[in-house]
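Fold and contact review
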Amino acid sequence: MNSLLNDVQRQKALLEKNLKNFAERFPALERSLRLQAETFPRAAVNRSGETDNRFGAVDNDFREADNRFAETDSTLHIFEAKNGEITASYKDLLLHSRYNPSNEAAKTLHTEFVTQAESLVFFGSGLGYGQAEAAQSFPSKNLIVIEPDPLRLLQAFFVFDWEAVLKVPSCVFLVGADTQTVISVLEHYGLRDAAVIAPKACTAHAETYFSAIASLIARNKDKQDINEKTLQKFGTLWLSNMCKNLARSMSLNGINRYKDGAPHLPFCILAAGPSLDEILPHLREVKKRAVLVCTDTALRSCLRVGVQPHFILVTDPQYLNARHIADLKAPESILITETAVYPDIFRFKCREIILYSSLFPLGRYIEQFGEKKESLAAGGSVASSAWDFARFCGAKIIYTAGLDLSYPANKTHARGSTFEEKTHFISHRLKGTEMHNAAAVYTNPAYTNDNKAADYEGNPVITDARMLLYAWWFESKAASFPDVKTAALSAKSLCIPGFFLANVCDLLSLPVREKEIDDFCFSQSAGAENLTDTQSSLRQKEDNKAHALNSLQKDLCELQNTVKQAAEVCGRRCRTEADYTQVLNELSRIDELIYKSRVKALASLVFPPPSQLESIAQKSLPPAPPPPPRGDYKTAAAYNILKSKLIYTIILQSIDTHIHYLKKNGLFL
């Protein structure tokens, strides 16, 4: 029998050792764990007072203490495995093998899926066999342990040595963290390259919690897939738009002046969903009581009832999106956009055009040389940027109209919107408006009727995977900013957890604050910057623009020469291991220069996403040989050099594309 199970003093010593190592990495979390360790006995006693070997022998010093292990639902049954190691079960589910826990952990982790991952994510702490095997076999990977119940981790600290895990350079423990925090950390380390190890027995004590995290991970991966495909499809368009807009955009002010400027004012987001029709008859009165932030898709409907919103948001760079506000004008409104939108947007007739920080590397590079602009979050929909602008302004209450994220009554958009007007325009006797609407809903590739989506009254609604992803974004923001309350003005909209239901009467019952709202939006007395550019400020902006373009040209040319040098090094002939080592060392030195370049991020805009890059490599290169010591060093080195040359060639193409569009728009000499 394993003597540790009968030796409370050894258990205490092991706990102390683990907590000491834990404190070196996570001092605040260790203090919390230590407090909990001091409040329950080191040995578990059942209700009858008999010794329970789920956790070893009973120490008389703790017999009278509050027995939290015996009362918590996460209590483990700890016992000796056949090979003498310690193992455990939970509700008849084995956390580790009853025969050889260490060998089982090795077999679980030594798979191609785990080997190729950059991060290993463990759902539940278990006793620590999996984490210890990962620390020994993959010390350079990121190890992330997610455990909602601190008592589970403490139980493991009593019976298993975690020293090897806690010595891993990149090791993260998320103990008792909420799901949004967990997802934020996983996003930081990269969900795309993470392997999730989630044995059922290790997650059974918090099944709902881990299920929620798994769903969030799946949604994040869906979002990343969409972003990759969008970048692949529109990257060159965004670059072209930015180059056309660069000279104009550098003279515009940013949204900075509105930051936290209206915590006392209600905001109302106007999206183009069908339920917008419910608020349009009251919109003139609503404008007197709330700041109206309108999406470009809803502007036509608002102007149709004679109301110009305070702010208009435009984010999509496509030409078809620019059609939403084409031939319209709103001289009383402020247009908020970013540098990659279709150039016609900058000719829109309004009170002023202001910018938020660019979502793309070229725009962010140029912003270094002028006013640093504040950023807005992007959730795939222009309505998400509108919501984040309201939050940015300090809003504590945000109403949403037309944010349906579904097809109530099989309708797709509000009356008067560009989408609806186009449907009327293309309809004919054999295919009327209703047929077009039905086709838009049911032939949508993302359409699904198996999502259990419901409105605020619990009635099922028709939606699709794309809009569910937008809804998840709003749900995550509501959880991240609990002090910002968001209300939906229609019960027929898709129910978003974290939002509450209100109606137009609630909004109309608010006091009239027209002057306060106008002061915040338009007046210098509301903390806005002086909008009248003096001659000196205009000269300063021109100087900033010249400096930015000169630096951009210099940095791009330097990076281009560096990458060309790397490609030439890849072409050297190698005969011996020493030759290969010399080339690889030289490439490492050049890679450091590329990494230090101020324009290194620019290549990512028209650089293929990882999945496409891997596909290109498979088509262009021979199969990857096994790495040493299983394979030959020279063969593996030659393959790495070939792959590096392919990547350098693609980077050069990206740089050439940037230079082409910059020259085309007269921005480079």
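Preceding this paragraph is the structure being described.
Residues numbered from 1 in each chain as written. Predicted model: local features only at pLDDT ≥ 70, side-chain atom pairs only at ≥ 80, totals over all residues. Heavy atoms only, no water.

Quick look at the packing of helix H24 (residues 577-596) against helix H26 (residues 633-664)
Two numbers describe how H24 lies on H26: the axes approach to 10 Å, and their chain directions differ by 30°. When the interaxial angle is binned, H24 and H26 end up roughly parallel. Read as a crossing pair, H24 and H26 show a hand that is left-handed. Here Glu 577, Tyr 580, Thr 581, Val 583, Leu 584, Leu 587, Asp 591 and Ile 594 of H24 come into contact with H26, specifically with Tyr 633, Lys 634, Ala 637, Ala 638, Ile 641, Ser 644 and Tyr 648. Of the residues belonging to the contact of H24 with H26, the class tally is 10 nonpolar, two polar and three charged. (Axes fitted to C-alpha atoms, helices over the stretch in contact; angles between N-to-C directions. Helix = DSSP H or I, 4+ residues; strand = E, 2+ residues; numbered from the N terminus. Parallel < 35°, antiparallel > 145°, perpendicular 65-115°, else oblique. Left-handed = near helix turned anticlockwise from the far one by under 90°. Contact = heavy atoms within 4.5 Å. Nonpolar A, V, L, I, M, F, W, Y, C, P; charged D, E, K, R; others polar.)

As for the sheet that holds strand S4 (residues 119-123)
Strand order across the open sheet formed by four strands is S6-S5-S4-S7, with parallel pairing between neighbours. Both edges of this open sheet fall to strand S6 (171-175) and strand S7 (194-197), since each of them pairs with a single strand only. Averaged over all pairs of adjacent strands, the angle between their axes in this sheet comes to 15°, without regard to strand direction. Sheet analysis places S4 next to S7, joined by four bridges and oriented parallel. Paired with Leu 120 across the bridge in S7 is Ala 195. (Pairing = 2+ DSSP bridges.)

Here's the deal with the pattern of salt bridges
Applying the stated criterion to the full structure yields 21 salt bridges. Asp 344 is the partner of Arg 347 in a salt bridge, and the nearest nitrogen-oxygen pair spans 2.2 Å. For Asp 344, a relative accessible area of 37% puts it in the partly exposed group. (Salt bridge = Lys/Arg side-chain N within 4 Å of Asp/Glu carboxyl O. Buried < 20%, exposed > 50% of the residue type's maximum accessible area, 1.4 Å probe, protein only.)

With respect to the sheet that holds strand S1 (residues 77-80)
Read from one edge of the open sheet, three strands run S1-S2-S3, paired in antiparallel fashion. Of all strands in the sheet, those with a lone pairing partner are S1 and strand S3 (93-94), marking the two edges. Judged from the four bridges that link them, S1 and strand S2 (residues 86-90) form a sheet pairing that is antiparallel. Residue pairing for S2: His 77 is matched across the bridge by Ser 89.

So, the environment of Phe 481
Along the chain, Phe 481 turns up in the loop between helix H20 (465-480) and strand S16 (485-488). Phe 481 sits in the partly exposed class, given a relative accessible area of 25%. The contacts of Phe 481, once residues within four sequence positions are left out, are Trp 387 and Arg 391.

As far as function goes, none of this settles anything; it's purely spatial.
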